[in-house]
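Inside the fold
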Amino acid sequence: MNSIKNITVVGSGTMGNGIAHVFAQAGFNVSLMDIRQDALDKAVATIGKNMDRQIAKGALTEEAKAAALGNITTFTEMANAVVDADLIVEAATENIDLKVKIFQQLDELAPAKTILASNTSSISLTRIASHTKRPGKVIGMHFMNPVPVMRLVEIINGYATDQEVTDVIRELTTFINKVPCVVNDFPGFISNRILMPLINEAILALQEGVADVQDIDTIMKLGMAHPMGPLQLADFIGLDTCFSIMNVLHMGFGNQKYAPATLLANMVQAGYLGVKSGEGFYKYTPGSKEMVVSDRFRQRR
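Once a new chain begins, its residue numbering starts again from 1 and follows that chain's sequence as written. Where totals are concerned, whole chains, interfaces and linings use all residues; where local detail is concerned, this predicted model gives features only for residues with pLDDT of at least 70, and gives and counts side-chain atom pairs only at 80 or more. Just so you know, side-chain values use all the structure's heavy atoms and leave hydrogens and water out.

If you look the protein up in an unreviewed UniProt entry, it shows as 3-hydroxybutyryl-CoA dehydrogenase from Rurimicrobium arvi.

We now examine the overall build of the protein. Think of it this way: any DSSP run of H or I at least four residues long counts as a helix, any run of E at least two long counts as a strand, and we number them from the N terminus. Scanning the protein from terminus to terminus reveals 13 helices and 10 strands. C-alpha atoms define the radius of gyration, and 2.2 Å times the number of residues to the power 0.38 defines the globule rule. A compact globule built from 301 residues would reach a C-alpha radius of gyration of about 19 Å, and the protein, at 20 Å, matches this within 12%. If you line up the protein on its principal axes, its C-alpha atoms span 55 × 45 × 35 Å. In this scheme, a residue with accessible area under 20% of its type's maximum is buried, one over 50% is exposed, and one in between is partly exposed, where area comes from a 1.4 Å probe on protein chains only. For the protein, buried positions account for 48% of its 301 residues. By definition, residues are in contact when any of their heavy atoms lie within 4.5 Å. Within the protein, contacts between residues at least 6 apart in sequence are counted, and of these 65% link residues at least 24 apart. All accessible areas in this document rest on Shrake-Rupley with a 1.4 Å probe, and a residue is counted as covered only by the protein chains that are shown. In the structure as shown, the protein presents an accessible area of about 14,600 Å², 53% of it carried by carbon and sulfur atoms.

Whenever strands of a sheet pair, they do so through backbone hydrogen bonds, lying parallel or antiparallel. A strand pair is defined by DSSP finding two or more bridges across the two strands. Read from one edge to the other, the open sheet built from eight strands follows the order 3-2-1-4-5-6-7-8, with strand pairing classed as mixed. Edge positions in the sheet fall to strand 3 (72-75) and strand 8 (179-184), since each has one partner strand and no second. Across the sheet, the mean angle from the axis of one strand to that of its neighbour is 25°, orientation sign disregarded. Relative to strand 8, strand 7 (residues 152-157) runs parallel, the two being bridged by six bridges. Bridging from a neighbouring strand, Leu152 pairs with Val179 of strand 8. Axis geometry follows a simple rule: fit a line to the C-alpha atoms, using only the stretch in contact for helices, then measure angles between N-to-C directions, giving values from 0 to 180 degrees. Against the sheet, helix 2 (residues 37-56) engages strand 2 (29-33) and strand 3, with an angle of about 160° to strand 3.

Residue position: Gln54 is located in helix 2. Not counting residues within four places of it along the chain, the set of residues in contact with Gln54 comprises His21, Gln25, Ala59 and Leu60.

Another point: the environment of Ala20. One can find Ala20 in helix 1 (residues 14-25). By relative accessible area, Ala20 is classed as buried at 0%. The spacing of Ala20 and Leu273 is 253 residues in sequence and 25 Å in space, taken between C-alpha atoms.

The subject of this paragraph is helix 5 (residues 96-109). A helix's residues, less one, multiplied by 1.5 Å, set its expected span. The end-to-end C-alpha distance of helix 5, which contains 14 residues, comes to 20 Å, matching closely the 20 Å that a straight helix rising 1.5 Å per residue would cover. Every buried residue of helix 5 is accounted for by Ile96, Lys99, Val100, Ile102, Phe103, Leu106 and Asp107. Each buried residue of helix 5 lies within a common arc of 165° when the element is viewed along its axis, so the set occupies one face. What points out from helix 5, more than 90 degrees from its buried face, is the exposed set Asp97, Lys101 and Glu108. Next to the buried residues of helix 5 lie strand 1 (6-10), helix 4 (78-82), strand 4 (87-90), strand 5 (115-118), helix 6 (125-129) and strand 6 (138-143). Put simply, Asn95 is the residue that caps the front of helix 5, since its side-chain oxygen is 3.0 Å from the backbone nitrogen of Asp97. Our arc is simply the arc of the directions from the helix axis toward the C-beta atoms. Counting of polar contacts relies on pairs of N or O atoms within 3.5 Å, with two restrictions inside protein: one atom must be capable of donating a hydrogen and the other of accepting it, and residues adjacent in sequence are counted only when both atoms are side-chain atoms.

In structure tokens:
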């Protein structure tokens, strides 16, 4: 990758630290930026723990771990984090206003050559790019969670994305041992345009009393060979994220079939967000892998 050497990742949460992990392990200089140093410290610790899992499986050596962690530098000031960046990957919360604000800042601070990528899972790249002076250099790199494990990267072309930029990002994705799939800029792209309505339909089936949590998930796992049922998957994604994406689809297509389920909206409003809050359709206890249906849905059985 002659044109990409220095990569900045903006946002050090679950997706951001995973993206930093894979780029650092592939030998790139990674600047990991967040507004809070404690968040950065937690991210680097998480990367180290995830690399330890790779070592335990024989997929990484202690020396490679040390080299990869040595490739990561943390920053709390955007200007310092992007000064030498060839590529910036934004991995902030799935909120259009926040992303636009970040991209305006990146456009102002980053060198003219820098490619600006977003890890957005549903928001229009064309809309984000329109708030910059370099729309041809704005592109989507939608990594899948967990980033170090999942091989797919959905590459999204905005309306004005230059072909040269797409080619560079496709090549980069292959270089880090991921599989690039290029799509055009429509609400939800491909992954979430198909996945989220499936999850929403499962929630509607639960809401209507068609079946209970366990049976819905078991039917999809055993009958459709899904590794995880849609309700459990929603918990892992985050019900707030599912709700946000369904709203993007609903507004983007203007079609009532994409309206988020009332049960989903109510759970988000009440703070039952899945794994991140400790309870969604299932209850989650730190250190336990046991699948326990939330008490709120047990009476449905």
